[in-house]
Amino acid sequence: MEKPVQKIGLKHGSGGRAMRQLIEEVFLELASPVDGIGLAALDDGAALRIGDQWLVITTDSHVVHPLFFPGGDIGRISVSGTVNDLAMMGATEPLGLTCAVIIEDGFPRADLERVRDSMKAAALEAGAPFVTGDTKVVGRGECDGLFINTTGVGLTRRVVSDAGLRAGDLLIITGHIGDHGMAIMSKRHDLGLQGDLRSDVGPINGLIRAALAAGGDEVVAMKDPTRGGVAGSLHEMAAKGKVGILIDEQAVPVRDEVRAAGDMLGIDPLLVANEGKAVIGVRAAAAERVLAALRAHPLGRDAAIFARALAERPGAVILDTGLGKRLLAEPEGELLPRIC
Amino acid sequence: MAKDLTSELKFRDPAKARALAEAMQRNLDAIGREVSVMHVCGSHEQAIARFGLRAVLPAQLKLIMGPGCPVCVTDGPEVDEAVALAGMGVHVCTYGDMLRLPGTSRSLADAQGDGGKVHVVYSIDQAVDLARAHPAEQVVFFASGFETTAVATAAAALAGPPANFSILSVHKYVPAAMDLVAESKETKIEGFIAAGHAAIITGWGIFEPFAKKTNTPVVVAGFEPLDVLASIVKLTDLIRERKAEVFNAYPRCVTREGSQPAQRVLWKVFEARSGTWRGIAAVPKGNLDLRPELAHLDARKRFQIDTASVRDDAATGLEAECICGAIMMGLASPNHGPLFGKACVPESPVGACMVSSEGTCRIWHTYGGAPDLRGVGGPAGPAGAAGAAGAAGAEGAR
């Protein structure tokens, strides 16, 4: 058997199997029983019962490199990532956000204000007020420019976990996949395609609210496919729901420029991070209704039903390429570190 | 969703794929027993694995990848030579795939870690440029690949490289390995799919004596998924009709004669000699060595390469469990081995087939392994996932 690693590598932060294993081996010790969804569930956040409602809490540190990229920056990600994690558990109206920054000595004030402005804009879009924060400065070389941690809280009457799929459920993706990761990769590798590639980073709690309003209890599982991409999310949903998942590759919305960049880099868009998308599992009877609600929202025009849950092969993610079928590997290595 | 290029539509049409799969099934029904066919090219395996083509093959048809990865068949002692050269302070230029290929105990990546001057290049021209830029230092190009890549090496050799440049050839010649597999009593291969890109150079005519001698049909195939499926249909036609013929299923690129200028360049520089292929055996005429006339460019002649210090013929524990040799002979699949996807992964490969992007293990690992997916979730193609997605999940709930 594989022996536990003695040094942490970049792959342990990539959102795939290695990261999950590290968390299970090291941090699960911290988990204790709670009334609701706690650390042990390894979901997008926690949900604690308060009266007849659930308090949803999530936290996320942002270390994206470069800080500014086509379509967004670290400020926009830091708000969107946390707001979207709350929404994935059903809390689409954030009560408040925190903002903790770690700044490297010598960081330009103008850049900091630019980041602040995009945090402000994203928070306004999401309807999420900042309520507290923390500021630290470290010496040169002790962090790379700027790291931001945000925590969010929100209330919901019904928690949606990422473990609720059962055979026969259908899966919806809310739009084109791979935009964020490919934009960053293209900028870092200087592919010269960046004019066409823009990150999708943005809060989608409004879009999710529309889906939940249309689908109600028949929306059974949600996940935002950030690190590890859609493949990583589906692997988690398949494992936790104990179902197989069959993807119709031809139904997956992918922009031509993302596909072209993927071909050039040898990277499957299904493995690439998104920062403004959700994978939504619904009971089959509600699928068209939820899809219509998503498509009626400006952020969900390209939503598509792209996969379904099977009783066969629990835990496996199978790709129907249109020409044949194969298993979709779970992302494990460092496809690209510091994507968010 | 916009659908890419017209060419892609043409070669990735699900309806055509279904028709080809049905034609294959009719052939296998007519033959009435299990049939094994082999392809000998990593690029074919990539198309097969990427598009999940094995899931649409008839149950009685086994499609096996043979010795189609030039990196994988480069023998340990050959890598030792490059490692030893790096240890002597010589610049060693290599294709990226070869960097992590283990020798009998060490790889060029290890040599690089020890301060050896090892450079990854994308073409031999970059190695020649390096030699020109450092006229006082020796630069060796570790020349790997099948006859297609060997033509590029040959062209550079004839173009008058500088005096401080030499070539360590570990080029391999595919037709020789096909002979060996066809004559093996264990494999029982009834038909071959030959690599279209190699045939662009050699011409498809080169397989005619082979087909006749081994009484085995050969189909030359391109690399789009429909190319592969169509070539298998043709191959099963020939097997059903008991015709040991060569068929060119890649006529948009391949001719009977191939590229005469490329062949002239190739054989002016190289000659085919017997050599050991990793995990397989001695392959008669399987290695492409520099001809005696080009001894001045031959690193083996220029340097006294002493591999004793980097050589270790005692396999360690894990390597003893590696089944790469059986995989390359077509006797086993990657998931038959105990290490696949566990102790042996791309980040820390045990065997050669997990090192190269052309290796069977690496390809299977990248594309999720290859358990039998025939029948899972209904028929393949849009009638499967999307069709059922539209018609609610009744079938999935089964």
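Above this text is the structure in question.
How each quantity is defined
Residues numbered from 1 in each chain as written. Chains lettered and ligands numbered in written order. Predicted model: local features only at pLDDT ≥ 70, side-chain atom pairs only at ≥ 80, totals over all residues. Core = buried A, V, L, I, M, F, W, Y, C linked by C-beta atoms within 7 Å. Buried ≥ 20, exposed ≤ 12 C-beta atoms within 10 Å, placed from the backbone. Helix = DSSP H or I, 4+ residues; strand = E, 2+ residues; numbered from the N terminus. Contact = placed C-beta atoms within 7 Å. Pairing = 2+ DSSP bridges. Axes fitted to C-alpha atoms, helices over the stretch in contact; angles between N-to-C directions. Expected span 1.5 Å × (residues − 1). Parallel < 35°, antiparallel > 145°, perpendicular 65-115°, else oblique. Left-handed = near helix turned anticlockwise from the far one by under 90°. Nonpolar A, V, L, I, M, F, W, Y, C, P; charged D, E, K, R; others polar.

Visitor: Help me understand the nonpolar core in this model?
Guide: Soluble, globular proteins show a tendency: their nonpolar side chains are buried together. In terms of nonpolar packing, the biggest core is built from 233 residues, with Ile172, Ile245, Val290 and Ile318 of chain A together with Ala194 of chain B touching the most fellow members. A total of 9 residues in this core trace back to one element, the largest contributor, which is helix 12 (residues 225–240) of chain B. If near-sequence neighbours (up to four positions away) are discounted, Ala194 of chain B is found in contact with Val40, Ala199, Phe207, Val218, Val219, Val220 and Ala221 of chain B.

Visitor: Just checking my understanding: could you explain the sheet that holds strand 9 (residues 218–221) of chain B for this structure?
Guide: Picture the strands of a sheet paired through backbone hydrogen bonds; they go either parallel or antiparallel. Residues and elements named next belong to chain B. The strand order across the open sheet formed by 5 strands is 2-1-8-9-10, and the pairing between neighbours is parallel. Two strands close off the open sheet at either side, each with one partner strand: strand 2 (61–65) and strand 10 (246–248). Adjacent strand axes in the sheet meet at a mean angle of 20°, parallel and antiparallel pairs treated alike. With 3 bridges joining them, strand 1 (residues 35–39) and strand 8 (residues 191–195) adopt parallel strand pairing. Paired with His39 across the two strands is Ile193, which belongs to strand 8.

Visitor: When you look at the sheet that holds strand 12 (residues 279–282) of chain A in this model, what are you seeing that I'm missing?
Guide: All names here are of chain A. Strand order across the open sheet formed by 7 strands is 10-12-9-13-11-14-15, with mixed pairing between neighbours. Across the chains shown, the open sheet's two edge strands, defined by having one partner strand only, are strand 10 (219–223) and strand 15 (325–327). Averaged over all pairs of adjacent strands, the angle between strand axes in this sheet comes to 25°, irrespective of strand direction. Inspection of the sheet shows strand 14 (residues 317–320) paired to strand 15 by 3 bridges, in the antiparallel sense. If you follow Ile318 over to strand 15, its bridge partner there is Leu327. In the packing of helix 8 (residues 287–295) onto the sheet, contacts are made with strand 9 (170–173), strand 10, strand 12 and strand 13 (304–310), and the angle to strand 9 comes to roughly 5°.

Visitor: Which parts of the structure should I look at to understand unusual backbone geometry?
Guide: Trans is the common state for peptide bonds, and a negative phi is the common state for residues other than glycine. Residue and element names in this part refer to chain A. Following His65, the chain continues to Pro66 via a peptide bond in cis, the omega torsion being 0°. Following the sequence through the fold, Pro66 ends up in the loop between strand 3 (53–62) and strand 4 (68–69). Its identity as a non-glycine residue notwithstanding, Lys242 has a phi of 55°, on the positive side. Mapping Lys242 onto the fold places it in the loop between helix 6 (229–241) and strand 11 (244–248).

Visitor: I would appreciate a short explanation of helix 8 (residues 147–158) of chain B in the present structure.
Guide: Residues and elements named next belong to chain B. Compared with an ideal rise of 1.5 Å per residue, which puts 12 residues at 16 Å, helix 8 spans 16 Å between its outermost C-alpha atoms and is within 8% of the ideal. Turning to helix 8, its buried residues are Glu147, Ala150, Val151, Thr153, Ala154, Ala156 and Ala157. Two residues or fewer past helix 8, Gly160 is found with a positive phi of approximately 80°.

Visitor: Can you help me understand the packing of helix 2 (residues 14–31) of chain B against helix 12 of chain B in this one?
Guide: The relative placement of two packed helices is expressed as an angle between their axes plus a distance between the axes. Residue and element names in this part refer to chain B. The interhelical angle for the contact between helix 2 and helix 12, taken along N-to-C directions, is 20°, at an axis separation of 9 Å. By the angle between their directions, the pair helix 2 and helix 12 is classed as roughly parallel. Relative to helix 12, helix 2 is oriented so that their crossing is left-handed. Residues Lys16, Ala17, Leu20, Ala21, Ala23, Met24, Asn27, Leu28, Ala30 and Ile31 of helix 2 touch helix 12, and the partners they reach there are Pro225, Leu226, Leu229, Ala230, Ile232, Val233, Thr236, Asp237, Ile239 and Arg240. Its residues placed into classes, the contact of helix 2 with helix 12 shows 15 nonpolar, 2 polar and 3 charged.

Visitor: Quick question: what am I supposed to make of helix 6 of chain A here?
Guide: The periodicity of an α-helix, 3.6 residues per turn, causes residues three or four positions apart to be oriented the same way. Residues and elements named next belong to chain A. Between the first and last C-alpha of helix 6 there are 18 Å, a value that for 13 residues agrees with the 18 Å anticipated at 1.5 Å per step. Of the positions making up helix 6, those classed as buried are Gly229, Val230, Ala231, Gly232, Ser233, Leu234, His235, Glu236, Met237, Ala238 and Gly241. Lys242 occupies a position one or two residues after helix 6 and carries a positive phi of about 55°.

Visitor: Can you help me understand the environment of Trp204 of chain B in this one?
Guide: All names here are of chain B. By the secondary structure assignment, Trp204 is in the loop between helix 10 (196–202) and helix 11 (208–214). C-beta crowding within 10 Å serves as the criterion here: with 24 such atoms nearby, Trp204 is assigned to the buried category. Distance in space between the C-alpha atoms of Trp204 and Arg106 is 39 Å, their sequence separation being 98 residues. Beyond its immediate stretch of four places on either side in the chain, Trp204 contacts Ala199, Val220, Val246, Asn248, Val254 and Arg256.

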